[in-house]
Amino acid sequence: MRWPVFIIIALTMLVLEKGLRGLLGIPGAFGVSPSFLLPLAVFVALSTSRGAAMWAALFLGLLVDLTADMPLGSACLGYLAAALVTFELRGLVFRDSPLAIALMVFAAGIVAHLVIVALVTLRGAAWLPADALVDWYASEQFVRRFFVVLYSAALALPLGTVFVWLDPLWGFDHHATGAHPRRKRIT
Amino acid sequence: MRLLSFHPRRIFVLLVVLLLINSLCVPLSVSKWYSKWPASLLETLTVPFTRRLNGASNRIRDGFSRDRTDAVEAIADSQRLHRIVLKLRQELVEAHQEIERLSGVRQRFALTEMKILAAHVVSVGTDQLRRTLTIDRGALRGVRQGHVVGVGLDLVGRVASTGPSTATVQLIMDRATDLTAYVVSPIDDVSQRLVATQLRYDANRGVFVGNVSQSRDGDNVRVGDYALPADPRWPDEARQLIVGYVVAIEKHEDNPSLLRRIIVKPQSDPAKLTKVFVFMPVTADLLGEATNR
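These remarks concern the structure in this document. Note that the structure is a prediction, hence the values are computed from the model and not measured.

## What about the layout of surface pockets?
All names here are of chain A. The space that makes up the largest pocket amounts to roughly 430 Å³. What lines the largest pocket is a set of 22 residues, and nearest its centre among them are Glu17, Arg21, Val64, Ala68 and Arg144. Elements with a contribution of two residues or more to the lining of the largest pocket: α1 (3–19), α3 (37–47), α4 (50–67), α5 (74–89), α6 (98–122) and α7 (138–165). In terms of residue class, the lining of the largest pocket is built from 11 nonpolar, 5 polar and 6 charged.

## With respect to the packing of aromatic side chains
Residues and elements named next belong to chain A. Using the criterion set out here, one finds 10 aromatic pairs over all chains in the structure. When the ring of Trp3 is compared with that of Phe6, the centres are 5.4 Å apart and the planes differ by 85°; the resulting orientation is edge-to-face. Taken as a pair, Trp3 and Phe6 lie in helix α1 at a separation of 3 residues, close to a single helical turn. A relative accessible area of 33% means that Trp3 is categorised as partly exposed. With centroids separated by 5.6 Å and ring planes inclined at 75°, the aromatic side chains of Phe146 and Phe147 adopt a geometry described as edge-to-face. A relative accessible area of 38% places Phe147 in the partly exposed class. Here the aromatic cluster, defined as three or more aromatic residues joined through ring pairs, consists of Trp3, Phe6 and Phe59.

## A closer look at the pairing of strand β5 (residues 167–171) of chain B
All names here are of chain B. Here β5 shows a clear split, with Ala167, Val169 and Leu171 buried on one side and none of Thr168 and Gln170 buried on the other. Summarising the sheet, strand β2 (residues 132–135) and β5 pair through 4 bridges and their orientation is antiparallel. Looking at β5, one finds that Leu133 is bridged to Val169. Summarising the sheet, strand β4 (residues 154–162) and β5 pair through 5 bridges and their orientation is antiparallel. Within β5, the residue paired with Gly157 across the bridge is Leu171. Joining the antiparallel neighbours β4 and β5 is a turn of 4 residues.

Parameters at a glance
Each residue is numbered by its place in its chain's sequence as written, counting from 1. Each chain gets a letter, beginning with A, and each ligand a number, beginning with 1, in the order they are written. Reporting of local features is limited, given that this is a predicted model, to residues whose pLDDT is at least 70; pairs of side-chain atoms are given and counted only at 80 or more, and all residues count toward the totals for whole chains, interfaces and linings. Working from all heavy atoms in the structure, the side-chain values ignore hydrogens and water. Grid points spaced at 1 Å over the protein atoms alone were grouped into cavities, where a 1.4 Å probe fits but cannot get out, and pockets, open sets with protein on both sides within 12 Å along at least five of seven lines, with lining residues defined by an atom within 4 Å of a point. Grid points are joined across faces, edges and corners, and a volume is the space filled by probe spheres set on the points. Only DSSP runs of H or I reaching four residues or more are called helices, and only runs of E reaching two or more are called strands; each is numbered from the N terminus. Note that Gly is not counted as nonpolar here; it falls among the polar residues with everything else outside the nonpolar set of Ala, Val, Leu, Ile, Met, Phe, Trp, Tyr, Cys and Pro and the charged set of Asp, Glu, Lys and Arg. Side-chain rings of Phe, Tyr and Trp (the six-membered ring for Trp) are treated as a pair once their centres are within 6.5 Å; stacked means planes under 30 degrees apart, edge-to-face means over 60, and tilted covers the remaining angles. For each residue, the accessible area found with a 1.4 Å probe, counting protein chains only, is set against the maximum for its type, and the residue is called buried under 20%, exposed over 50%, and partly exposed in between. DSSP-based pairing: two strands are paired if at least 2 bridges between them are found.

Remember that the coordinates give geometry; whether it matters functionally is a separate question.
Written out as structure tokens, the structure reads:
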């Protein structure tokens, strides 16, 4: 995988995520807006080697942590868990299918947000020295984040199409070996 | 020495452990302090693009919501105006009917020196011994005790008492009513019949009952004739209003050979009245009031 391409696309996704929040966000009690970084993490985990996928997930999680009002590390570990799940499940799907990417985003997103909510909620435990976040309610977060994941999975359909279309740019291993990515099941 | 070598996997594991410790054990203020620099760097890189994109998306969203809001408001306004137009049409029709009715009353009275005051019924009394209704016009509008109250051509009653802005009307549909009346033929009847009688209100049947002489007036009263008040205790303006219509002529059970009983049914039901008219003869003070206006 070409890391400069990944970093540029990751930053572009971050800009899109923050910039289009006003347009794509659903106003309401929860204020749900989709994640652009999660589909990217899933796509990378579907396409590249285990090590690269883990580093990429860590980097994307770091971007989320640095731009959100969250303790550093929770999203990193959440995205890492999502990448692990995607990596384990990727043998079941075609990597160049946007529908497969959307389904994986849903599955991996659930895991990622479970980890994030668990870590942030654990901070409030009395036996840990960290301070709990103000106005943090796990149940409320679960509901809101479920809809975020659902929305992100819906967004992953067009976004996945773009990622697959940009496939030659990424320089994934299967490309370098000459294998055609179309309908290639990665094992 | 091998432990200290920078193997990517070891670095990765170390990083994950540090992140886990940071996310669970480090206070938020400390975490924010050392993530401040990378966060500001990231912000520097992304904010120029994010701001533009955000502005564009807000403009799109605002424009869309404004258009939608305008359209929704326009539809709501249109529906509201349509309802108002319908209501105004209904009121216009009712007003025309009232004008026709009042014109008829005026012609019938042949009194130009008469002020007719429209009043809404505020409440209908529940006392069965003394049936009254309250109207929303009182002494401040010139209503006085004894003024005749009607609806259209029908006699409703007489003002019994007045307050500043309300008045109580004693209904003719009352057990105490004992009214001298003329039973006259309708206008389109050329026979020009007229019979005097004394009407009493039968609350059980909701009709006025009067007696007429079988030998003298038996043929002069027919179903469909109407009864006009002719009682000297009532003001003159009441005499052209209608008490009710003859709906039946019955044999008198006590003296069937000499008397007939006529049943006069009032046209208006006090319980259903919403608007009435107070007939106010123009007196010197009313004329003065009108001149001042």
